[in-house]
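Notes for the structure review
Below, each chain spelled out in residue letters.
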Amino acid sequence: MAVTKLDLTGLKCPLPALRTRKALKSLAPGDRLEVRCTDPLAAIDIPHLVGATGDRLEGIERGERDMVFLIEKSAPSTASKPPPH
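These remarks concern the structure in this document. Treat the numbers as computed from the prediction; the structure is a model and nothing was measured. (Residues numbered from 1 in each chain as written. Predicted model: local features only at pLDDT ≥ 70, side-chain atom pairs only at ≥ 80, totals over all residues. Heavy atoms only, no water.)

**Side note on the side chain of Lys 73**
Topologically, Lys 73 is positioned in the segment after β4 (67-72). Of the buried charged residues, Lys 73 lacks a salt bridge, with Asp 55 as the closest side chain of opposite charge at 4.1 Å. Within the local environment of Lys 73, its side chain forms a polar contact with the backbone oxygen of Leu 24, the two atoms lying 3.3 Å apart. The contacts of Lys 73, once residues within four sequence positions are left out, are Leu 24, Lys 25, Leu 27, Ala 28, Pro 29, Gly 30, Asp 31 and Asp 55. (Helix = DSSP H or I, 4+ residues; strand = E, 2+ residues; numbered from the N terminus. Buried < 20%, exposed > 50% of the residue type's maximum accessible area, 1.4 Å probe, protein only. Lys, Arg positive; Asp, Glu negative; His and termini not counted. Salt bridge = Lys/Arg side-chain N within 4 Å of Asp/Glu carboxyl O. Polar contact = N/O pair within 3.5 Å; in protein donor to acceptor, adjacent residues only side chain to side chain. Contact = heavy atoms within 4.5 Å.)

**Describing unusual backbone geometry**
Cis peptide bonds are those with omega within 30 degrees of zero, and the linkage from Cys 13 to Pro 14 qualifies with 10°. With respect to the helices and strands, Pro 14 occurs in the loop between β1 (3-8) and α1 (15-25).

**Some points on the sheet that holds strand β3 (residues 56-62)**
Read across the sheet, four strands follow the order β1-β2-β4-β3 without closing on themselves; strand pairing throughout is mixed. Edge positions in the sheet fall to β1 and β3, since each of these pairs with one other strand and no more. Taken over all neighbouring pairs, the strand axes of this sheet differ in orientation by 15° on average, direction set aside. Note: β1 against strand β2 (residues 32-37), six bridges, orientation parallel. (Pairing = 2+ DSSP bridges. Axes fitted to C-alpha atoms, helices over the stretch in contact; angles between N-to-C directions.)

**Overview of the packing of α1 against helix α2 (residues 42-53)**
At a closest axis distance of 9 Å, the pairing of α1 and α2 adopts a crossing angle of 35°. Here α1 runs over α2; the crossing is right-handed. Each of Pro 16, Ala 17, Thr 20, Arg 21 and Leu 24 in α1 lies in contact with α2, whose residues at this interface are Asp 45, Ile 46, Leu 49 and Thr 53. Residues that form the contact of α1 with α2 fall into these classes: five nonpolar, two polar and two charged. (Left-handed = near helix turned anticlockwise from the far one by under 90°. Nonpolar A, V, L, I, M, F, W, Y, C, P; charged D, E, K, R; others polar.)

**Examining α1**
Here α1 has its buried residues at Pro 16, Ala 17, Thr 20, Ala 23 and Leu 24. Each buried residue of α1 lies within a common arc of 125° when the element is viewed along its axis, so the set occupies one face. Away from its buried face, by an angle of more than 90 degrees, α1 presents the exposed residues Lys 22 and Lys 25. Structurally, α1 contributes buried residues whose contacts are with β1, β2, α2 and β4. (Arc of directions from axis to C-beta.)

Keep in mind that these numbers describe shape and distance, not what the molecule does.
Given below as structure tokens:
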């Protein structure tokens, strides 16, 4: 299990969510992504993105000027795969 750190301080909506989505695609199941943002809208966008991708938001640390999201990459859902023949 690897931890990847993504520093998105200074970026404004929608860039934090877009870069987080891209980073999540490159991770293996069980890997973690630590995302640091300063955009207040990230508090809405990142949890919504994680819910949409099916990954798991492990926690949010809110600092005075930034937020850190800890996300665990989930295994791909088998529900969308066709049954074997």
